[in-house]
Amino acid sequence: MTEATRQHETKQKDVDAALAPFTEMMAADGYLLSWEPTAEDRIVVRIDATAEACADCLVPTRVMEAIMSTALEPTPYALERVELPNGGH
C-alpha cells in the first residue's frame, strides 16, 4: 500500500468517524447519510430518504449544513454542501 493510499484511507476513516453519530441518528429516522469528496479538502454530504423516512424529522438545509460543518472540523475536509431529499426545507 502506498503512502498516498494510506493517507486517503485515514481521511475517509476520520470523516466516517466524525459523521457516525449523525449517520446513526439519520438511520433511526429512516434516512441514509453518505458523503463524497468534491475536491482535495471539500465534501458533499447527501441524505436520502428510505421508505420509512420521517418527513418531519429533517431540519432545514442551513441548519444541517451548520451541524455537518461543525462535525467535520476535526477532519481534513470542509463541507461544500448538504443535499437533502426534495431539496430540503
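Only a predicted model underlies this, so the values are computations on that prediction, with no experimental measurement involved.

Visitor: Please explain the pattern of salt bridges as it appears in this structure.
Guide: Pairs can form between side chains of opposite charge once their charged atoms are near each other. For the coordinates displayed, the defined rule picks out 5 salt bridges. For the salt bridge of aspartate 48 with arginine 46, the shortest nitrogen-to-oxygen distance reads 2.9 Å. Given a relative accessible area of 26%, aspartate 48 falls into the partly exposed group. Here glutamate 83 makes a salt bridge to arginine 46, at a shortest N to O gap of 3.8 Å. With glutamate 83 in strand S3 (residues 78-83) and arginine 46 in strand S2 (residues 42-49), this pair connects stretches of sequence that are 37 residues apart. Classification of glutamate 83 by relative accessible area gives partly exposed; the value is 26%. For arginine 46, a relative accessible area of 41% puts it in the partly exposed group.

Visitor: Looking at this structure, I do not really get the confidence of the model for the chain. What am I missing?
Guide: In low-pLDDT regions, the fine details of the predicted coordinates are not to be read closely. This prediction gives the chain a mean pLDDT of 90; 93% of its residues lie at or above 70. When pLDDT is averaged over each helix and strand of the chain, the minimum, 86, is found for helix H1 (residues 3-28) and the maximum, 97, for S3.

Visitor: Would you mind going over the pairing of S2 with me for this structure?
Guide: Across a regular strand the side chains alternate sides, sitting on one face of the sheet and then on the other. Bridge count between strand S1 (residues 31-39) and S2: 8 bridges; the pairing is antiparallel. Paired with glutamate 36 across the strands is valine 44, a residue of S2. Between S1 and S2, which follow one another and run antiparallel, lie 2 residues. Of the strand pairs in this sheet, S2 and S3 are connected by 5 bridges, and their pairing is parallel. Paired with isoleucine 43 across the strands is leucine 79, a residue of S3.

Visitor: Please explain the sheet that holds S1 as it appears in this structure.
Guide: Strands belonging to one sheet form pairs held by backbone hydrogen bonds; the direction of such a pair is parallel or antiparallel. One open sheet accounts for 3 strands, arranged S1-S2-S3; its pairing is mixed. Here the strands that pair on one side only, and so sit at the sheet edges, are S1 and S3. The mean inter-strand angle of the sheet, taken between neighbouring strand axes irrespective of direction, is 25°. Strand contacts of helix H2 (residues 61-71): S1, S2 and S3, with the helix running at about 145° to S3, the strand carrying the most contacts.

Quick notes on the rules
- Residues numbered from 1 in each chain as written.
- Predicted model: local features only at pLDDT ≥ 70, side-chain atom pairs only at ≥ 80, totals over all residues.
- Heavy atoms only, no water.
- Salt bridge = Lys/Arg side-chain N within 4 Å of Asp/Glu carboxyl O.
- Buried < 20%, exposed > 50% of the residue type's maximum accessible area, 1.4 Å probe, protein only.
- Helix = DSSP H or I, 4+ residues; strand = E, 2+ residues; numbered from the N terminus.
- pLDDT = per-residue confidence, 0-100.
- Pairing = 2+ DSSP bridges.
- Axes fitted to C-alpha atoms, helices over the stretch in contact; angles between N-to-C directions.
- Contact = heavy atoms within 4.5 Å.

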